[in-house]
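One letter stands for each residue in the lines below.
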There are 4 protein chains.
Amino acid sequence: MSGVFDHPWLGGLFADDAAGVIWSPERQLAHMLSFEAAYSRALGAVGVVETAKADKAAKLIAGFDVDIANLRVGTARDGLPVPALVAQLRAGAAPDLSDAIHKGTTSQDVMDTALALTIKDMNALLSTRLKALDGGLGRLIETFGTQPLMGRTRMQAAMPITVADRIATWQTPLHDHLARLAQMRPRVERLQLGGAAGDRQEMAGKGADMARMIADDLGLYCPDRPWHAMRDGLADYGGLLSLITGTLGKMGQDIALMAQQGVGEITLAGGGGSSAMPHKQNPILAELLVTLARFNATQVAGLHHTMVHEQERSGAAWALEWMILPQMALATARSLAVALTVCDQITAMGGPSQ
Amino acid sequence: MSGVFDHPWLGGLFADDAAGVIWSPERQLAHMLSFEAAYSRALGAVGVVETAKADKAAKLIAGFDVDIANLRVGTARDGLPVPALVAQLRAGAAPDLSDAIHKGTTSQDVMDTALALTIKDMNALLSTRLKALDGGLGRLIETFGTQPLMGRTRMQAAMPITVADRIATWQTPLHDHLARLAQMRPRVERLQLGGAAGDRQEMAGKGADMARMIADDLGLYCPDRPWHAMRDGLADYGGLLSLITGTLGKMGQDIALMAQQGVGEITLAGGGGSSAMPHKQNPILAELLVTLARFNATQVAGLHHTMVHEQERSGAAWALEWMILPQMALATARSLAVALTVCDQITAMGGPSQ
Amino acid sequence: MSGVFDHPWLGGLFADDAAGVIWSPERQLAHMLSFEAAYSRALGAVGVVETAKADKAAKLIAGFDVDIANLRVGTARDGLPVPALVAQLRAGAAPDLSDAIHKGTTSQDVMDTALALTIKDMNALLSTRLKALDGGLGRLIETFGTQPLMGRTRMQAAMPITVADRIATWQTPLHDHLARLAQMRPRVERLQLGGAAGDRQEMAGKGADMARMIADDLGLYCPDRPWHAMRDGLADYGGLLSLITGTLGKMGQDIALMAQQGVGEITLAGGGGSSAMPHKQNPILAELLVTLARFNATQVAGLHHTMVHEQERSGAAWALEWMILPQMALATARSLAVALTVCDQITAMGGPSQ
Amino acid sequence: MSGVFDHPWLGGLFADDAAGVIWSPERQLAHMLSFEAAYSRALGAVGVVETAKADKAAKLIAGFDVDIANLRVGTARDGLPVPALVAQLRAGAAPDLSDAIHKGTTSQDVMDTALALTIKDMNALLSTRLKALDGGLGRLIETFGTQPLMGRTRMQAAMPITVADRIATWQTPLHDHLARLAQMRPRVERLQLGGAAGDRQEMAGKGADMARMIADDLGLYCPDRPWHAMRDGLADYGGLLSLITGTLGKMGQDIALMAQQGVGEITLAGGGGSSAMPHKQNPILAELLVTLARFNATQVAGLHHTMVHEQERSGAAWALEWMILPQMALATARSLAVALTVCDQITAMGGPSQ
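Only a predicted model underlies this, so the values are computations on that prediction, with no experimental measurement involved.

Visitor: Could you give an account of the relation of the copies chain D and chain A, naming the residues involved and the relevant values?
Guide: Mapping chain D onto chain A calls for a rotation angle of 180° and an axial translation of 0.0 Å; the resulting RMSD is 0.0 Å. Expressed as an axis order, the relation between the two copies is that of a two-fold axis. Across chain D, the smallest distance between a C-alpha and the rotation axis is recorded for Ala-301 of chain D, namely 2.6 Å. Most of the interface of chain D is mirrored in chain A, where 98% of its interface residues again form contacts.

Rendered as structure tokens:
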């Protein structure tokens, strides 16, 4: 079974290529290796192992050809892929490199930091698309903004407004979302480095130094403490994703309502066809914006439940993040792309209505 | 990006092979073709088209080699794959067969009925696994049931009970779930046949007859009316899936608590390893039961929101079902398989505790 | 702060008087006392205490004037009111009655059984109202059913249907809800009797006999086992409540869409006024149906999470039920009442539309 | 029926007095009148009505004795209390004051601004309590921080850590929550002023001036545009509330686990008693932290759904906020108070464990 995002045909509706790459297993693995390599380099830099050895290990890791099938077997056994990955790395290295690989760190450091790198890439995409959509809506205001529109409250005609007034309710929150994103970045684009139980005790007293180095190396923020058991950053991030899709869900709902026969306040090129009614022009992308909004609104609850993350590591709560957060990100990227496409599809807005 | 169920390595933890086949795109497509073929046969049987022609069309459909890439393009355009599928079928048929293919039915009939067929397969799996797990827990009771166990309320030692008492709280609900499943089957394993606007008006007055025939043909229940805009059956089904994973989530939570050092009320063979602490035996499958329970508990809300399905077809609400229900089913199948594995992993239960 | 259901003015919109009584603290307390009295009588009937003493205790309990302020203090201390309640009962009784009061049972028996009695009352209300609404919708079909209506799919005009077709999508699920309710009653209108750790060990070997007697006495089903740590019945019940409000939410959404200017497919008497636009007739009750549907759809997730109810009693999961289930019931009762009122408000349906 | 927050006895567990006042109907009404009075003053200040008349109206409003029963009747009729409130105000004023009362504004301006004032009060409470809890946890670290503790991952003993390490996972996020609160205030403590359809068209071209004046008058931020149909601020606020309870839910879960017999890593004074087992000391407040976390995690989804707020005002989506947000705030306030109490109850932490 494929989820909708990589379904052979439903993917035509739901998939976003750029976000698909950012959240792909290949990229996740590359980020895990980036962490391991940076960790090895840091081991050398602080003198836990010789620099030359550290560099050798890092080089090996960076170019390592991972056996994915073995990773899967390991995940089935251990609940996560890192023990198998580390075993592969060590088996592929000269024996004396073993203590320059992964020594003192732990699976969660690898996976959470890899996630932070993914989120960093995602945030660049979000920022670009939020601005592009802001521009697209701005162009709609330029073109159609002065057209009259019936303001509707409680689904009833209220008072005449303009098209610009309606679009402003789609556009204004984008500015707030950009502000939220900027404020949030240090709380999510950040290194996780804690070691086995989160206190860096096996890092030879050099944990803080290593953290700064690895964060610099990877282009991440370096928090004061490891966040392995404090998941508020990710839950908050899921919230931002859902705020974005919520705004676009309102846009989609409004457009579907404007497109109704008898209302006729918008004209869209390229609506979807029906197998039974070839005359129809369905506003499928507007509907999709609503779908994605309600999907994310549903998921955000799950991420908030993961905050009850017991002790130093909750496998139960952590794995729930893996199930939910990537899908929310893909839904958000798709929603932004769809909204921008919808802007381009609009050929008329406003006009006489009752 | 892959969801966890078909992720190259996380799939080792989350994937269920049997359910993966049941919910696979290939099987979905096969069910869609089964519906289309049965529909063609029914057109012949009620005399809308000649029987020979209907059979010819049905035969063509049943063996049709679908162009998946084209289906994806069509889904991107129309919001669902059926218009493209029907176009392929007609293009692949002799021109005079066109009116024996899909005529009078609509995309939703095809997709909802295909879903009903998937659910029917899934229900057989659920039933088998619920009974197997019932047996597995029964065997645990036979083996360990008389062992003493400290009953715990509010996470505090309360009064001594037996292992059988604890296991009964995992096993008893399985019987209720089987009863629920039996009661629910007619409400989900049922044909959808409505045509363009749900009233079968383009079926030449033969809609009811055709519905009975197609339902018989496909082995589905035949409801009194089409259910295209009444989604309570599916929301209820999602509820049952989540009730099952909820029961198993309690089992998993209990086992993880019993396995704690200092409590030591259970011994599990084959726990997961740690990349930093090779001595550990992590109860990863017990944790996974909790994860899957909370995943489904989160998702069930989304399915209930889809019930606000406006008018004769809500693209927005319908597509949300596509995003959520298959994942819930996969999570449930995996949870049952995991619970059964956990039963087999248990080598000791109960014993002296404080 | 008041919730909306008993808010001094918002209650005008949200409150349901009949359900308010059923779920009132007074009624809850009365049910708790009913359980305690029945328990005392059962202690006598099985010979654990003398019958005369048991009857005396039961009589005292049934007529007991509870000190609510003390109950609140006790709840703050113990997390639930029963220890304080039992202390009051014993303090108010002759010393020799003490062992005929509550002896061998526990707080959860009292509270869960009281809840089962509340649910039984609620189910009578649900059944009555579902049938009344079925009748109300049937009358609408009689009056307006043959009127033409534009069938709408994806918010676009599709094919002409009739008003009866549209109403059928509101009415048909009510029959399924009644069937679900009947099937579910034995799984929720049932005695809870487990004692301290759920195994009835302090009931002198008479637990099963006592359970049958108390269940008979209270008019409840007697399950094979106590259900203190198996919460699937309640989660499923919450699901049914949400299925009902979901169906009515669709009805409300449809009506709000039909009432739009430019669509004009329904006329409602008694719409709500606006402080700024006295000319408006807002379909506030139709909107309320949508609100209540989405409220319950949200809450149902919380109830499913409570199924991860660890060991013999989870205070954390149990208290979450207290926060959620009563509100869902009140929302459902209100939704049914509102839907019936809406039926009465409709003065025209269907007619020429585009 | 009472919700748990004002339930006669459950309130002993769930109610928070200070938050109860902030979210009380009386305070809501006072805020609504504050807005109306400020609006009247602003009408005078910009010259729409004479200053003396405006002041007279404002004075009347500020001291007005509202008929609550009539407000309830009005809410039942109009879906909200403002039309009835305005009618009362006008009926209680000299006839010539009518155009100095509410003229040009609308119900949503009144209610959303009143909510913003409530949130402002709430934020002061949140800030105070977050800091107090930060202090309480700091004191625990001072007292017990150097004690050894077994670090536990996946509920299994991992590596020895210290009590300070564990507490840091409860304390550190509080600093982030304070930062989030500060960043969020301008997005929620803000005036809503839009008039009938949100474009201030009936404010005689003085809308922007009036907005600045009223915001200053009420001590609120003045956003660039009305936010009547952009609900991301409130959804985000609900998210913050749930992040806070999520952090404290983790703290509660950890404490309940530490308090287990066989683990014995914490000693709490004042645990709850049991009606059947007087020897027990139940960690009911720790459990309550988990309950409140999962309650808010559930509710946050509902608030995100309200973002699909169609057109210029969605009665359906708006009323859902009324049902959910106040409860989340009360749960959060209670959670913070409980966490602080728990800090005071702790008499020992850490110590030898396995």
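Once the structure has been displayed, the description carries forward.
Visitor: Explain the interface of chain B and chain C to me, using residue names and the numbers behind them.
Guide: Each partner contributes residues to the interface: chain B has 65 residues there, and chain C has 64 residues. Summing the contributions of chain B and of chain C, the shared interface buries around 5,700 Å²; its carbon and sulfur component is 57%. Among the residues of chain B in contact with chain C, Arg-154, Val-308 and Gln-311 of chain B are the three that bury the most area, contributing 13% of the side total. Summed over the shared surface of chain B and chain C, the number is eight salt bridges. The closest approach of N and O atoms between Arg-180 of chain C and Asp-232 of chain B, which form a salt bridge, is 3.0 Å. Where chain B packs against chain C, one counts 25 residue pairs in polar contact (both at pLDDT 80 or more).

Visitor: Provide a residue-level description of the interface of chain D and chain A, including the pertinent values.
Guide: Put simply, an interface is often sized by how much accessible area is lost when its parts join up. Each partner contributes to the interface: chain D provides 65 residues, whereas chain A provides 64 residues. Counting each side, the surface lost to burial between chain D and chain A is near 5,700 Å², with a carbon and sulfur contribution of 57%. For chain D, the biggest contributors to the area lost against chain A are Arg-154, Val-308 and Gln-311 of chain D; these three give 13% of the whole. At the boundary of chain D with chain A, the tally comes to eight salt bridges. Among the salt bridges present, the one from Arg-225 of chain D reaches Asp-165 of chain A, with a minimum N-O distance of 3.9 Å.

Visitor: Provide a residue-level description of the nonpolar core, including the pertinent values.
Guide: Among the nonpolar cores identified, the biggest contains 482 residues, and Phe-14 of chain A, Phe-14 of chain B, Phe-14 of chain C together with Phe-14 of chain D are the most heavily contacted of them. Setting aside residues up to four positions removed in sequence, Phe-14 of chain D forms contacts with Ala-319, Trp-322 and Met-323 of chain C together with Val-4, Phe-5, Leu-288, Leu-292 and Arg-334 of chain D.

Visitor: How would you summarise the relation of the copies chain B and chain C if you had to cite specific residues and measurements?
Guide: It takes a turn of 180° to lay chain B on chain C, together with a shift of 0.0 Å along the axis; the resulting RMSD is 0.0 Å. The overlap is high: 98% of the interface residues of chain B also sit at the interface in chain C, so the same surface is used on both sides.

Visitor: Residue-level account of helix α4 (residues 51–62) of chain C, with values.
Guide: All names here are of chain C. Here α4 spans 16 Å end to end across twelve residues, near enough to the 16 Å set by a 1.5 Å rise per residue. Listed as buried for α4 are Lys-53, Ala-54, Ala-57, Ala-58 and Ile-61. Projection of α4 onto a plane perpendicular to its axis shows the buried side chains occupying an angular sector of 135°, all on one side. Opposite the packed face of α4, turned more than 90 degrees from it, sit the exposed residues Ala-52, Lys-56, Lys-59 and Ala-62.

Visitor: Pulling in residues and values, what's your account of the packing of aromatic side chains?
Guide: Scanning the entire structure with this criterion turns up 15 aromatic pairs over all chains. Aromatic side chains Trp-318 of chain A and Trp-322 of chain A sit 5.1 Å apart centroid to centroid with 70° between the ring planes, which places their arrangement in the edge-to-face category. On the criterion of helical spacing, the pair formed by Trp-318 of chain A and Trp-322 of chain A is a turn pair, its members being four residues apart in helix α12 (residues 315–345). Neither residue differs from the other here; Trp-318 of chain A and Trp-322 of chain A are each classed as buried. Connected via pairs of aromatic rings, a cluster forms that spans Phe-14 of chain A together with Trp-318 and Trp-322 of chain B.

Visitor: Tell me about unusual backbone geometry, and name the residues and values.
Guide: The phi angle of most residues is negative, glycine excepted, and most peptide bonds adopt the trans form. Residues and elements named next belong to chain C. Backbone geometry at Arg-154 places phi at a positive 50°, although glycine is not the residue there. Among the secondary structure elements, Arg-154 is positioned in the loop between β1 (148–153) and β2 (156–162). Of note in this structure, Gln-311 is not a glycine but carries a positive phi near 55°. Among the structural elements, Gln-311 can be located in the loop between α11 (284–305) and α12 (315–345). Owing to a relative accessible area of 2%, Gln-311 belongs among the buried residues under this scheme.

Visitor: Describe the pattern of salt bridges, with residues and values.
Guide: As enumerated under the stated definition, the model contains 66 salt bridges over all chains in all. In this structure, the salt-bridge partner of Glu-189 of chain A is Arg-185 of chain A, at a minimum N-O distance of 2.8 Å. By relative accessible area, which is 3% here, Glu-189 of chain A ends up buried. Residue Arg-185 of chain A is classed as partly exposed on the basis of its relative accessible area, which comes to 23%. Through salt bridges with shared partners, a single ionic network connects Arg-180 of chain B together with Arg-187, Asp-232 and Asp-236 of chain C.

Visitor: Explain the packing of helix α8 (residues 163–188) of chain C against helix α10 (residues 232–258) of chain C residue by residue, including any values.
Guide: Direction vectors running N to C along α8 of chain C and α10 of chain C enclose 170°, while the axes themselves pass 10 Å from each other. Looking at the two axes, α8 of chain C sits roughly antiparallel to α10 of chain C.

Visitor: Would you mind going over the packing of helix α11 (residues 284–305) of chain B against helix α12 (residues 315–345) of chain B in detail, with residue names and values included?
Guide: Residue and element names in this part refer to chain B. Relative orientation of the contacting elements α11 and α12 amounts to 155°, with a least axis distance of 9 Å. When the axis of α11 is compared with that of α12, the two are roughly antiparallel. The way α11 lies across α12 gives a crossing that is left-handed. Per-class residue counts for the contact of α11 with α12 are 16 nonpolar, eight polar and two charged.

Visitor: Residue-level account of the pairing of β1 of chain C, with values.
Guide: Residues and elements named next belong to chain C. In terms of burial, β1 is a largely internal element, five of the six residues being buried. Pairing of β1 with β2 involves five bridges; the strand directions are antiparallel. Across the sheet, residue Leu-149 finds its bridge partner in β2, namely Ile-161. The hairpin turn running from β1 into β2, its antiparallel successor, is two residues long, and Arg-154 in that turn takes a positive phi close to 50°.

So, how was this worked out
- Residue numbers restart at each chain and count upward from 1, following the sequence in its written direction.
- Chain letters and ligand numbers both follow the written order, the letters beginning at A and the numbers at 1.
- For this predicted model, a pLDDT threshold of at least 70 governs which residues receive local features, and a threshold of 80 or more governs which side-chain atom pairs are given and counted, while totals over whole chains, interfaces and linings are taken from all residues.
- Excluded from the side-chain calculation are hydrogens and water; included are all heavy atoms of the structure.
- Least-squares fitting of one copy onto the other uses the C-alpha atoms of those residues that reach a pLDDT of at least 70 in both copies.
- Only heavy atoms enter the contact rule, under which two residues are in contact if any of them lie within 4.5 Å.
- Here the quantity called buried area is the total loss of accessible area, with a 1.4 Å probe, experienced by two parts when brought into contact, counted for both.
- We define a salt bridge as a side-chain nitrogen of Lys or Arg found within 4 Å of a carboxyl oxygen belonging to Asp or Glu.
- For the purposes of these results, a polar contact is taken to be a pair of N or O atoms within 3.5 Å, where, inside protein, one atom must be able to donate a hydrogen and its partner to accept one; residues adjacent in sequence count only when each atom of the pair is a side-chain atom.
- For this analysis, a nonpolar core means a set of buried residues of the types Ala, Val, Leu, Ile, Met, Phe, Trp, Tyr and Cys, connected via side-chain atoms within 4.5 Å.
- Buried residues are those whose accessible area, probed at 1.4 Å on protein chains only, stays under 20% of the maximum for their type, while exposed residues exceed 50% and partly exposed ones sit between those limits.
- The helix and strand labels rest on DSSP assignments: H or I over at least four residues marks a helix, E over at least two residues marks a strand, and numbering proceeds from the N terminus.
- Helices are assigned an expected span. That span is 1.5 Å times one less than the residue count.
- What the arc measures is the spread of directions leading from the helix axis to the C-beta atoms.
- The rule is short: rings of Phe, Tyr and Trp, with Trp giving its six-membered ring, pair when the centres are within 6.5 Å, and they are stacked under 30 degrees, edge-to-face over 60, tilted in between.
- Only the stretch in contact is used when fitting a helix axis, every axis being a line fitted to C-alpha atoms; angles between N-to-C directions are given from 0 to 180 degrees.
- Small angles under 35 degrees read as roughly parallel and large ones over 145 as roughly antiparallel, with 65 to 115 read as roughly perpendicular and the rest as oblique.
- With the far helix as reference, a near helix turned anticlockwise by less than a right angle produces a left-handed crossing, and one turned clockwise produces a right-handed crossing.
- Just so you know the grouping, Ala, Val, Leu, Ile, Met, Phe, Trp, Tyr, Cys and Pro go in nonpolar, Asp, Glu, Lys and Arg go in charged, and all remaining residues, Gly too, go in polar.
- When DSSP locates at least two bridges between a pair of strands, those strands are taken to pair.

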